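Each chain, letter by letter, is given below.
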Amino acid sequence: ERQQTLPRPLDSIHMKLLTHNLLMCNNKGCNMNNYPLHIRPVQVERKEKQFNEAFMRHMLGKLEWSAIVSASKALNFVVPEEIPAEQDEPFLRTLHQVINELDVVSGALVCSNCNREYPIENGIPNMLLSEEEV
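Here the residue numbers are simple positions, counted from 1 along each chain's written sequence. Only residues with pLDDT of at least 70 are given local features in this predicted model, and only at 80 or more are side-chain atom pairs given and counted; all residues enter the totals for whole chains, interfaces and linings. With hydrogens and water set aside, each side-chain value is computed from the structure's full complement of heavy atoms.

Novice: Help me understand the pattern of salt bridges in this model?
Specialist: Pairs can form between side chains of opposite charge once their charged atoms are near each other. In the sections that follow, a salt bridge refers to a side-chain nitrogen of Lys or Arg positioned within 4 Å of a carboxyl oxygen of Asp or Glu. Throughout the structure, instances matching the rule amount to 9 salt bridges. Here Glu45 makes a salt bridge to Lys47, at a shortest N to O gap of 2.5 Å. Burial status follows relative accessibility: with a 1.4 Å probe on protein chains alone, a residue under 20% of its type maximum counts as buried, one over 50% as exposed, and anything between as partly exposed. On the basis of relative accessibility, which here comes to 18%, the residue Lys47 falls in the buried class. Overlapping salt bridges, with partners in common, bring together Lys16, Glu45, Lys47 and Asp103 in one network.

Shown next, in the form of structure tokens:
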């Protein structure tokens with residue numbers, strides 16, 4: 001018997017700060033000060049997800065912390081300016097909330113160098129460039 005694959009729930013594809021931490025402006029000629037993109041949120045939702053301490057410890061070394069700090073501020077969420085020496089469970093839970101539970105549903109990502117805006121609609125950032133921008 002053939003099993004049918006169910007589509008992913010729409011809420012699982014909203015832009016999270018984990019995704020934001022990887023994005024930069026790719027506009028032609030924009031190769032300085034193009035990361036991180038600034039978030040201009042219109043709608044942000046928080047959806048609780050299961051906490052995984054091992055995953056959070058693993059991800060901590062892969063994140064650009066200054067981008068997490070600035071993105072968190074844009075979403076009115078407070079994280080320490082620097083990664084604490086002791087990364088205890090309360091800190092890791094806060095980080096989990098920031099990168100896994102905050103969903104930017106609508107708004108824009110803005111390059112601080114060229115001011116190019118990348119719209120976020122239905123939780124998906126549109127990073128496509130026009131012909132003249134490539």
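There's more to say after this.
Novice: Help me understand the side chain of His20 in this model?
Specialist: In this text, helices come from DSSP runs of H or I with a minimum length of four residues, and strands from runs of E with a minimum of two, each type numbered from the N-terminal end. Position of His20 relative to the elements: it lies in helix α1 (residues 17-20). In what follows, residue pairs with any heavy atoms lying within 4.5 Å of each other are defined as contacts. With residues up to four places along the chain from it excluded, the contact list for His20 reads Met15, Pro36, Leu37, Ile39, Ala67, Ala71 and Leu109.

Novice: Please clarify how the nonpolar core should be interpreted in this entry.
Specialist: Side chains of a nonpolar character, in soluble globular proteins, are inclined to be buried together. Core analysis: the largest hydrophobic core is formed by 30 residues, its most contacted members being Ile39, Trp65 and Leu109. Of all the secondary structure elements, the ones that give two or more residues to this core are α2 (53-60), α3 (65-74), α4 (89-101), β3 (102-110) and β4 (117-121). In contact with Ile39, not counting residues within four places along its chain, are Met15, Leu17, His20, Ala71, Ala74, Leu75, Val104, Ala108 and Leu109. Here the nonpolar core consists of buried residues drawn from Ala, Val, Leu, Ile, Met, Phe, Trp, Tyr and Cys, with membership extended through side-chain atoms lying within 4.5 Å.

Novice: Would you take a moment to explain unusual backbone geometry for this structure?
Specialist: Excluding glycine, residues mostly carry a negative phi; peptide bonds, for their part, are mostly trans. The omega torsion across Tyr35 and Pro36 is -5°, close enough to zero to call that bond cis. Position of Pro36 relative to the elements: it lies in the loop between α1 and β2 (38-46). The residue Asn33 is not glycine, and still its phi comes out positive at about 55°. Checked against the element boundaries, Asn33 lands in the loop between α1 and β2. Phi at Asn122 takes a positive value of approximately 55°, unusual for a residue other than glycine. Here Asn122 is to be found in the loop between β4 and β5 (124-125). Overall, the relative accessible area of 58% leaves Asn122 in the exposed class.

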